[in-house]
Every structure is written in structure tokens, then in C-alpha cells.
Amino acid sequence: MPRKIFKKYLPSPESIQKNRFVNFFGTRFHHHNLWHLHRHSVSGGVAAGLFAGLIPGSNPVQFFFATLFAVIFKVNLPIAVFVTLYSNPFTIVPLYVAAFTLGSWVTGSSIDSLPPLELDLLDKDLAEWIPILTDYLASFGKPLIIGLVLLASLLSVAGYFIVQGFWRLHVIHAWRKRAQRRQSKISK
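The following refers to the structure shown. Remember, it's a predicted structure, so these values are computed and weren't measured experimentally. (Residues numbered from 1 in each chain as written. Predicted model: local features only at pLDDT ≥ 70, side-chain atom pairs only at ≥ 80, totals over all residues. Heavy atoms only, no water.)

**A few points about a positive patch on the surface**
A surface patch of positive charge is lined by Lys-177, Arg-178, Arg-181, Arg-182 and Lys-185. Note that Lys-177 resides in helix H9 (residues 141-187). Judged by relative accessible area, Lys-177 falls into the partly exposed class, the value being 46%. (Patch = residues over 30% accessible without salt bridge, like charges linked within 9 Å, V, L, I, M, F, W, Y side chains within 5 Å. Areas by Shrake-Rupley, 256 points an atom, 1.4 Å probe, with all protein chains shown as cover. Salt bridge = Lys/Arg side-chain N within 4 Å of Asp/Glu carboxyl O. Lys, Arg positive; Asp, Glu negative; His and termini not counted. Charge placed at Lys NZ, Arg CZ, Asp CG, Glu CD. Helix = DSSP H or I, 4+ residues; strand = E, 2+ residues; numbered from the N terminus. Buried < 20%, exposed > 50% of the residue type's maximum accessible area, 1.4 Å probe, protein only.)

**Some points on the layout of surface pockets**
Each pocket or cavity is described by its volume, and for the largest pocket that value is around 430 Å³. Lining the largest pocket we find 17 residues, and of these Tyr-96, Val-97, Phe-100, Leu-144 and Leu-148 sit closest to its centre. Taken together, the elements giving at least two residues each to the lining of the largest pocket come down to helix H7 (92-107) and H9. For the lining of the largest pocket, the element with the highest residue contribution is H7, accounting for six residues. (1 Å grid on protein atoms, 1.4 Å probe; cavity = no way out; pocket = protein on both sides within 12 Å on 5 of 7 lines; lining within 4 Å. Points joined across faces, edges and corners; volume = space filled by probe spheres on them.)

**Points about the packing of helix H4 (residues 39-52) against H9**
Contact geometry of H4 with H9 gives a least axis separation of 8 Å together with a crossing angle of 155 degrees. In terms of orientation, H4 lies roughly antiparallel with respect to H9. Along this stretch, H4 crosses H9, giving a crossing that reads as right-handed. Here Arg-39, His-40, Val-42, Ser-43, Gly-44, Val-46, Ala-47, Leu-50 and Phe-51 of H4 come into contact with H9, specifically with Val-149, Ala-152, Ser-153, Leu-155, Ser-156, Gly-159, Tyr-160, Val-163, Gln-164, Trp-167 and Arg-168. Among the residues forming the contact of H4 with H9, the class breakdown is 11 nonpolar, seven polar and two charged. (Axes fitted to C-alpha atoms, helices over the stretch in contact; angles between N-to-C directions. Parallel < 35°, antiparallel > 145°, perpendicular 65-115°, else oblique. Left-handed = near helix turned anticlockwise from the far one by under 90°. Contact = heavy atoms within 4.5 Å. Nonpolar A, V, L, I, M, F, W, Y, C, P; charged D, E, K, R; others polar.)

**Considering the packing of aromatic side chains**
Going through the model one piece at a time under the given rule, you end up with four aromatic pairs. With 5.3 Å between their ring centres and 75 degrees between their planes, Phe-64 and Phe-65 make a pair best called edge-to-face. Judged by relative accessible area, Phe-65 falls into the partly exposed class, the value being 27%. Taken together, the aromatic side chains of Phe-51, Phe-64, Phe-65 and Phe-69 make up a single cluster linked through ring pairs. (Phe/Tyr/Trp six-rings, centres within 6.5 Å; stacked < 30°, edge-to-face > 60°.)

Interpretation note: all reported values are geometric properties and have no functional meaning in isolation.
Structure, rendered in C-alpha cells:
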């Protein structure tokens, strides 16, 4: 069932290969795993998207890296790009706080050592805000970067195995339903 829903909205491989923008990149986008919906390509696409979703930058940056990871690892490209949307304006702050906390725990740095943010910036113009904000964000440095890499890795590994597990459960459920239908036809 999920495959039918996705296939309804995904472009066909032939239409992708005929697209002039895709042809600009040669045959890199012609690999069948980039577009097929099977357990390994979808779970790999979810993993690539979860990892790329925590790369700092806006959606185009994350989309680019999701596409790059999908092409390198030959996993489902549309799924990888779509999954990056989990990091959005509503979720990015909790994700970065979790990444910073994880990075602080791993590096052993104290969260209390951060400089306090100056709240008297309201009466200053943007030119004065930028250096103060840049210095404040740079103070997060190592714990945030390490935390982002670790959290992205943990999320992508967990996402991969969760999709693998749910896909397997769905297949087992479909097999059992099919066996029950056969059994009911035989018994009639």
C-alpha cells in the first residue's frame, strides 16, 4: 500500500531520464535504486535524509546534500530529499539543543561555561548585532559540531533500521493476509 501511494506521486524513470536538467549531470541520476521503491533504497533514503537534515543551512543546502548522499550510496533520492524536511523552523531549536547537549556530554565540556547572551541588543542596529551574535554562536563551537554529527548519525542509523523493521512487518502481514485468503478459498 505505501508503495502505491509513493508511486502515484513519483515521476517515472523514463521521464526523469528525458529531463534536460537531469541530463546535464549525465548518467549519475539514471541508477534504478535512486527511483525504485524497495526496502533497501527507501530505508537508505530515509537514513540519507535524516543525516542531511541536520547539516547547518537552509533547505536548499540540505536538499543538495541529501541528493549527493542518495547518488553516492544509490538510495531513493526523492525520499532522501523529502525526509530532510523534519528539520524545520519548529524543530530546529530542539534538535540543535539536543545536539549541543550530546556534544557537551561527549566532549566533557560544561554547559555552564557559555557566555551569557547580551539582552541589551534591542536598542542597537543590525551592524552591531552580527558580530555579537557570531561570537556567541562560535562559543558553542566544538560541542555543537560534534553533537550534530553524532545526532545525525544516530538518527540516520535508527531511521534505517526502523524503516527496515516496519517494511518487514508490512510484508509479513501481507503474506499472512494472502495465506488466509487462499485458505478461505480452499475451504469453500
